[in-house]
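Here's the letter readout for the chains.
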Amino acid sequence: MKHKKFYLIILFVLSSCFCFSQAQYRNKIFVPDILGYKTLKCDFHMHTVFSDGDVWPTFRVREAWREGLDAIALTDHLEYQPKKNYVPTNHDHAFNIAKDLANELGITLIKGAEITRSMPPGHLNAIFINDGNSLILDNWKDVINEVKKQGGIINWNHPGWRSQQSDGIPKWYDEHSFLHDNKMLTGIEVVNGIEFYPLALDWCLDKNITILSNSDVHDPVNFEYDFDKSGRRAMTFVFAKENSSDAIKDALLNQRTVAYFNNKLYGREKFLSEIFNKSVFFKSNFVKTTGRETAMLQIENKSDITFQLELINEDDKVGYPLHIDLMAGKTVLFNIRAKKDDIKINKNVIVNYRVKNLIVGSDKTLIVPLEFNLDINPAKK
Ligand SMILES: [Zn+2]
Ligand SMILES: [Zn+2]
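The rules behind these values
- Residues numbered from 1 in each chain as written.
- Chains lettered and ligands numbered in written order.
- Predicted model: local features only at pLDDT ≥ 70, side-chain atom pairs only at ≥ 80, totals over all residues.
- Heavy atoms only, no water.
- Donors = N, O, S within 2.8 Å, 3.2 Å for Na, K, Ca; no water.
- Buried < 20%, exposed > 50% of the residue type's maximum accessible area, 1.4 Å probe, protein only.
- Core = buried A, V, L, I, M, F, W, Y, C linked by side-chain atoms within 4.5 Å.
- Helix = DSSP H or I, 4+ residues; strand = E, 2+ residues; numbered from the N terminus.
- Domains from an automatic or database assignment.
- Contact = heavy atoms within 4.5 Å.
- Tetrahedral: all angles 85-135°; square planar, octahedral: opposite > 155°, others 65-115°.
- Axes fitted to C-alpha atoms, helices over the stretch in contact; angles between N-to-C directions.
- Parallel < 35°, antiparallel > 145°, perpendicular 65-115°, else oblique.
- Left-handed = near helix turned anticlockwise from the far one by under 90°.
- Nonpolar A, V, L, I, M, F, W, Y, C, P; charged D, E, K, R; others polar.
- Phe/Tyr/Trp six-rings, centres within 6.5 Å; stacked < 30°, edge-to-face > 60°.
- Lys NZ or Arg CZ within 6 Å of the ring centre and 35° of its normal.
- Salt bridge = Lys/Arg side-chain N within 4 Å of Asp/Glu carboxyl O.

(A) Just the coordination of the zinc ion (ligand 1), in detail. Within the protein, E114 (OE), H123 (ND1) and H158 (NE2) serve as the donor atoms for the zinc ion (ligand 1), at 2.1 to 2.2 Å. Motif for the zinc ion (ligand 1), donor spacing along one chain: E-x8-H-x34-H. A separation of 3.4 Å is found between the zinc ion (ligand 1) and the zinc ion (ligand 2), which share E114 as a coordinating residue. The same class applies to E114 and to H123, which are both buried.

(B) How the structure looks around the nonpolar core. Counting residues in hydrophobic clusters, the biggest one holds 85 residues, and the most contacted among them are F276 and F307. The dominant element in this core, judged by the number of residues it contributes, is strand β18 (residues 348-361), at seven residues. Taken domain by domain, this core gets at least three of its residues from each of domain 1 (25-267) and domain 2 (280-380). Other than its neighbours up to four places away in sequence, F276 contacts F307, L309, L326, V355, L358, V368 and L370. In this structure, I110, I127, F128 and V238 belong to the second largest nonpolar core, which totals 16 residues.

(C) Spatial organisation of the coordination of the zinc ion (ligand 2). Protein coordination at the zinc ion (ligand 2): the donors are H45 (NE2), H47 (NE2), E114 (OE) and D216 (OD), at 2.0 to 2.3 Å from the metal. Between the four donor atoms coordinating the zinc ion (ligand 2), the angles at the centre fall across 78 to 169 degrees, so the site counts as irregular. Positions of the donor residues of the zinc ion (ligand 2) along the chain correspond to the pattern H-x1-H-x66-E-x101-D.

(D) Summary view of the packing of helix α2 (residues 57-66) against helix α3 (residues 93-105). Interaxial distance between α2 and α3 falls to 7 Å at its minimum, and their mutual angle equals 30 degrees. Relative to α3, the element α2 lies roughly parallel. Read as a crossing pair, α2 and α3 show a hand that is right-handed. Residues P57, T58, V61, R62 and W65 of α2 pack against A94, I97, A98, L101, A102 and L105 of α3. The residue inventory of the contact of α2 with α3, partitioned by class, reads nine nonpolar, one polar and one charged.

(E) Quick look at the packing of aromatic side chains. Enumeration over the complete set of coordinates arrives at ten aromatic pairs. Put simply, the rings of W156, W172 and W203 pair up and form one aromatic cluster. Against the face of F178 rests K141, its NZ or CZ located 4.1 Å from the ring centre. The positively charged end of K207 is found above the aromatic ring belonging to W172, 4.3 Å away from the centroid.

(F) Region of interest: the pattern of salt bridges. Counted under the stated rule, the structure contains 15 salt bridges. R26 is the salt-bridge partner of D70, the closest N and O atoms lying 3.5 Å from each other. Residue D70 is located in the loop between α2 and β2 (71-74), and its partner R26 is located in the loop between α1 (2-20) and β1 (38-43); the two are separated by 44 residues in the primary sequence. Residues E79 and R117 are paired through a salt bridge, measuring 2.9 Å at the closest nitrogen-oxygen approach. In this pair, E79 sits in the loop between β2 and α3 while R117 sits in the loop between β3 (108-116) and β4 (123-127), placing the two residues 38 residues apart along the sequence. The exposure class assigned to R117 is buried, which follows from its relative accessible area of 16%. Residues joined by salt bridges that share partners form a network here, namely D43, E67 and R233.

Okay, here's the thing in structure tokens:
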């Protein structure tokens, strides 16, 4: 009887374990692969208890997996260790703790650290480093040289952060010219957390600098982002040959990125137009105009980004919708009324729309030509 009781207890413990193991789900973010590259979703800036963050390093990996990210960097402050009485200072610990889980879950974990100085030069992220503890040096220029020696790259974080720029407008200092002239400034955060810095976007475009969007989370991500409202954390889409540290580094060194936050994309026209073209499909752009001039048209958007289109050509306002919201993952159906002149010539008509949430400069959004095939008498075809 004694044995039986023992077995029952074991059985109970085992069944309890199984009962309480909750299934986990990964939310895939659909953005098409473009130009022969994979579109990787990355966040290169976040914190853990090894600086002023409130979470353990493996928690960052689990969050990233659940949110559909492909690669992350843990970038704890080098010069700010408020928990050092409880958590020993070691600038490689966060990476070492998280790397096995990241590996198991297929998340590329990039070793990083945040060089935390007053402005200028402000906060700089060193990523793709191999020894964080060697970066504890007084002179920030020595730190930069050490990063370079380790094969790392430097990104300028939150250039308009109000604690360092009271008006929230980024300023370019001689220190940034020094970094840029010496080819040691790879990227700038155009988006940090929930802030967008328009001027930083123009700098990236003008000076051939990589465009970045990072969360800079300190708490659990869903404490800092309202998933119902913004949908997702700030992240960078990286166009890389594969999901590996080397391929991501190659993409960053060659400006193959787009910043993403709150259903807005910020980046170079060639990437944004490709994302749009590979996401949006006309179910039928053949507009039958026999007997009447209106026709129904369907446009499918296979991506997870809702494209907000606005007609820009005054002349075309007669027959085409002023606004089209191509909702993420949905097909929109609407009527168009072809212009009489267009029908007479029997041609393909190109109608230009502005995509309000595809931002290609501080005061510029992407223009996409939608092509409508008009035919007076399709029966003849
Ligand atoms: Zn910072
Ligand atoms: Zn930070």
